[in-house]
Each structure stands twice: as C-alpha cells, then as structure tokens.
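# Structural overview
Chain residues, written in single-letter form:
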Amino acid sequence: MTDLASVSGAPHTAILGIGSYRAGRLVPNADIVEAIDSSDEWIQQRSGIKTRRFAEPHETVQLMSVESARVAIERAGIDPAQVDGVIVATISHMLQTPAVATAVAHELGLERPVAFDISAACAGFCHGLALASDMVRAGSAKYVVVIGVERLSDITDSHDRGSAFIFSDGAGAVVVGPSERAGIGPVVWGSDGEQFDLIRQREDWRDVVASDSPQMPHLVMQGNAVFRWAAFEMAKVAHATLDRTGITVDDLDVFVPHQANMRIIDAMARAMKLPERVTIARDVADQGNSSAASVPLALDRLVQEGQAKSGDTALLIAFGAGLAYAAQVVTVP
Ligand code: UT7
C-alpha cells in the first residue's frame, strides 16, 4: 500500500468579517393579511413579525450574495485574492445547476476558489460555517466565504395562511480563516428525517411539469408541529453545544437563534435559563424569517447597532426543514 500525503491547516479558526444585505422592499403585515384572511394583531401575537423584506426584481440570490460577501471580505481586512473557498447555503436559487457559488465567486473577482452550494434550509448557514471551519483546520482552504441567502418570496404562496406572513428575503456572509485563538467552537448538528414532511416544497418538479396549469412550487409548513419541536428540542441542542464548547450560559454575551418566530426565541431563552444580561437577536420582528440568511443578518445587525461587540461570545443555533439543525459558539468579529 502506498502512503498518501496528509495535510493539516490552522489549529484554530475564527469569523474574520461579517456583512449582510437586506432586500429592498419593506412589507408590513397590512399588505399580507387580506390574501390570508388574517390580521396584523394575529401575526404579531403568534410570530412577533411586524414587517418583512421582499426582494425587488433585480435583487437576485446572486446579487444579494455578492453584496453581503463584498462587505464581509472588506471588514475581514483581507485581499479578495486570498479567498480560496465560497460556500453558499440556500434553497431558493432557481437553477438546479450549476451552483450559484461559482457565479458569486466570479463576480467577486476571486481567483478560482472551490465554490459550491449546500442545502440545509434554515440551518444552512450554521452548516456552512462548520464546514468552512473544518476546511481551514484540515488545510483544504485558508479563507472561506460562507453566505446564507434566500429569495423566499419567489416560493411563498401568498394565499397560504400557514406561511405567507413568515418568509422573507436577504443575505448574510462571513469570512472564516485561521486564528491564534479558537473563535469557532465545535458544531452540534443533526437531522430528523422522520419529520421530512413538516416543512417542504409542496410539489416535486416533475409533478409541476406534468400538471395542466404549471405553477411555481411553494413551501408548505405544518407550523405548530415545527414550533413544538423547535421550542423543546432546540434548547437541548443549545445546551449540548455549550457543553461541547466547555462553557456555560454564564459565559455567553450574545444569543443568535434562527429568526423564525419571536415566541420560539423567547421559549428557548427561558428553557436555557439565559441570564438577563445576554443580548438576544430579535431581528425577526422587522425582517421576517429569511431561512439560511437569518442568523448572519441578525448577528450583523447586533454588531452594527453596537449591541454585540468584537470579542463577545455568541451562541448561534439554526433549525428548519429536514428537519435539520446546527449550532456553534463563536467569537464576534
Ligand atoms: O424557519 C423554519 C422553521 N419554522 C419555524 O420555526 C416556524 C414554526 N411555527 C410557527 O412559527 C407557528 O406555528 C406559526 C406562527 C406559523 C403559527 O402559529 P401557531 O400558534 O402555531 O398557530 P396554529 O397553526 O396552531 O393556528 C392557531 C389558530 C387556528 O385556529 P383555531 O383552530 O385555533 O380556531 C388557525 O386556524 O390560528 C388560525 N390561523 C390563523 N389565523 C389568522 C392559522 N393561520 C392563521 C393566520 N391568520 N395566518
């Protein structure tokens, strides 16, 4: 048997820079309610959402990815030529192939990085962050841009009472690279495929094509079942993540859960017994649920508004269709 070379990379990794892009159209509940026989009061009470962001026609998945990544690279203070990896987490890029990551890399002027998309729905960004960190530590790349991006308005049924008021559009990006200290902790992630049908694309593409009146397939969600799973199971995942990282809730400064529903965020914070002083991301009220984009959008907002500062310890946790989840503790860049 021939011995093969074994390479390794940096001992530690960190988020070196973060950027985000909010889709341009601010849509209040008042604009949504008529088609679903709902009310501003109901939506706010059940989800905490007051407004959401929908993309204008020119705000494509590619455009929002590029804009958020450009800012992240600039803030990381590295030369774009140093970026040798791009991971895009999305479920709303409408070309099955090729990966939008290659087009994003090209538009950013990067020099032929490894570039691919991943599909883990709302948990996609935290999956990408874990992959990027492992790639840098394994020596398969040195600086990796991770983007969470969605244009869910394209695949949301504006007449579906269970989901029309939830979903939104936007992008968030980070640069992951080598660091002297561990700035990205171990990931806790997994899936529960028994609950595959709880959030899903309603129709298979082949059924759409075979239909007499083909329509864009839409997302459907059994919201209440997802709500119960998220509120109870994700607090356990959060605790497991702190244990793996070797810290407790008392070491946390910031909590950035997936921005799905304000009541889930509150239930998790209660179940985790988060100390009062921990800053909790509550971007969902203004942005809605932007799936893979929600965690980096919410974290960047806290940083830009001065509610999270460089060096803070933040727990990220994301969950959604699959059902899939991923969580890690990071140092705020
Ligand atoms: O991002 C991926 C992960 N996704 C999530 O984490 C989302 C999790 N789920 C949720 O956020 C919540 O389930 C929703 C906000 C989607 C819904 O809230 P809910 O408290 O679970 O409502 P529900 O589906 O249990 O419905 C409660 C009531 C029902 O009426 P009855 O049976 O109690 O008379 C529904 O028919 O509210 C009714 N209802 C509505 N009323 C006004 C359902 N949808 C609406 C609506 N407007 N849009």
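First, a word on what this report is: a plain description of the structure on this page. Worth saying up front: this structure is predicted, and the values here are computed from it rather than measured.

## Considerations on the site of the ligand
- Residues in close proximity to the ligand total 22 residues, the closest being S38, N224, H258, N261 and N289.
- At 2.8 Å, a side-chain N or O of N224 approaches an oxygen atom of the ligand.
- When the ligand is considered free in solution it has 950 Å² of accessible area, and contact with the protein chains removes 72% of it.
- Contributions of two or more residues to the shell around the ligand are made by α1 (40-47), α6 (223-245), α7 (262-272) and β13 (313-320).
- Of all the elements, α6 adds the most residues to the shell around the ligand, at four residues.
- Tallied by class, residues from the shell around the ligand come to eleven nonpolar, eight polar and three charged.
- Mapping the shell around the ligand onto the domain boundaries places at least three of its residues in each of domain 1 (12-179) and domain 2 (188-331).

## Focus on the sheet that holds strand β1 (residues 13-22)
- Reading across the sheet, the five strands line up as β1-β7-β6-β4-β5 and stay open at both edges, with mixed pairing between neighbours. The open sheet has two free edges, formed respectively by β1 and β5 (114-118), since each of these has just one partner strand. With direction set aside, neighbouring strand axes in the sheet form an average angle of 15 degrees.
- Across five bridges, the pairing between strand β4 (residues 85-89) and β5 is parallel. The partner of G85 across the bridge, within β5, is V114.
- Sheet strands in contact with helix α3 (residues 100-107) are β4, β5 and β6 (144-151), and its direction is about 135 degrees off that of β5.

## Quick word on a nonpolar patch on the surface
- Side chains of M94, W205 and M216 sit close together on the surface and give an oily, nonpolar patch of about 260 Å² of accessible area.
- On the secondary structure map, M216 appears in the loop between α5 (205-210) and β10 (219-221).
- Its relative accessible area of 34% is what places M216 among the partly exposed residues.

## A word on the packing of α6 against α7
- Look at α6 against α7: their axes get within 9 Å of each other, and the N-to-C directions meet at 40 degrees. On the basis of their axis angle, the class for α6 and α7 is oblique. Crossing of α6 over α7 shows right-handed handedness. Residue-level inspection shows F227, A230, A231, M234, A235, A238 and H239 of α6 in contact with α7, the latter providing R263, I264, A267, M268, A271 and M272.
- Classifying every residue of the contact of α6 with α7 by side-chain character gives eleven nonpolar, one polar and one charged.

## Re the nonpolar core
- If you look at the biggest cluster of nonpolar residues, it comprises 54 residues, and the most contacted ones within it are M234, F255, M272, L274, L315, I317 and F319.
- A total of ten residues in this core trace back to one element, the largest contributor, which is α6.
- Here this core spans two domains, and each of domain 1 (12-179) and domain 2 (188-331) adds at least three residues to it.
- Setting aside its immediate chain neighbours within four residues, M272 contacts A235, A238, H239, V249, F255 and L315.
- With 37 residues, the next largest nonpolar core counts A10, C126, A132 and A298 among its residues.

## As for unusual backbone geometry
- The omega torsion of the bond from T97 to P98 falls at 0 degrees, within 30 degrees of zero and hence cis.
- Within the element layout of this structure, P98 appears in the loop between β4 and α3.
- Going from G322 to L323, the amide bond is cis rather than trans, its omega being -10 degrees.
- Along the chain, the position of L323 falls in the loop between β13 and β14 (324-331).
- In this structure, A121 is a non-glycine residue whose phi angle is positive, near 50 degrees.
- Mapped onto the secondary structure, A121 falls in the loop between β5 and α4 (124-138).
- Given the relative accessible area of 10%, A121 is considered buried.
- One non-glycine residue, K273, lies in positive phi territory at about 55 degrees.
- One can find K273 in the loop between α7 and β12 (279-280).

## Side note on α3
- V100, A101, V104 and A105 are the residues of α3 that are buried. Burial along α3 is one-sided: seen end-on, the buried residues are contained in an arc of 140 degrees.
- Close packing links the buried residues of α3 with α2 (61-76), β4, β5 and β6.
- Once α3 ends, the next one or two residues include G109, with phi positive near 75 degrees.

## Description of the sheet that holds β12
- Taken in spatial order, the five strands of this open sheet run β8-β14-β13-β11-β12, and their pairing is mixed. Among the strands making up the open sheet, the edge pair consists of β8 (188-191) and β12.
- In the sheet, β8 pairs with β14 via four bridges, with the strands oriented antiparallel. Bridging from a neighbouring strand, G190 pairs with Y325 of β14.
- Against the sheet, α4 engages β8, β13 and β14, with an angle of about 55 degrees to β14.
- Here α7 sits on the sheet in contact with β11 (254-257), β12 and β13, set at roughly 135 degrees to β11.

Quick notes on the rules
Residues numbered from 1 in each chain as written. Predicted model: local features only at pLDDT ≥ 70, side-chain atom pairs only at ≥ 80, totals over all residues. Heavy atoms only, no water. Near = heavy atom within 4 Å. Polar contact = N/O pair within 3.5 Å; in protein donor to acceptor, adjacent residues only side chain to side chain. Areas by Shrake-Rupley, 256 points an atom, 1.4 Å probe, with all protein chains shown as cover. Helix = DSSP H or I, 4+ residues; strand = E, 2+ residues; numbered from the N terminus. Nonpolar A, V, L, I, M, F, W, Y, C, P; charged D, E, K, R; others polar. Domains from an automatic or database assignment. Pairing = 2+ DSSP bridges. Axes fitted to C-alpha atoms, helices over the stretch in contact; angles between N-to-C directions. Contact = heavy atoms within 4.5 Å. Patch = residues over 30% accessible without salt bridge, like charges linked within 9 Å, V, L, I, M, F, W, Y side chains within 5 Å. Salt bridge = Lys/Arg side-chain N within 4 Å of Asp/Glu carboxyl O. Buried < 20%, exposed > 50% of the residue type's maximum accessible area, 1.4 Å probe, protein only. Parallel < 35°, antiparallel > 145°, perpendicular 65-115°, else oblique. Left-handed = near helix turned anticlockwise from the far one by under 90°. Core = buried A, V, L, I, M, F, W, Y, C linked by side-chain atoms within 4.5 Å. Arc of directions from axis to C-beta.

Honestly, it's all geometry; don't read function into it.
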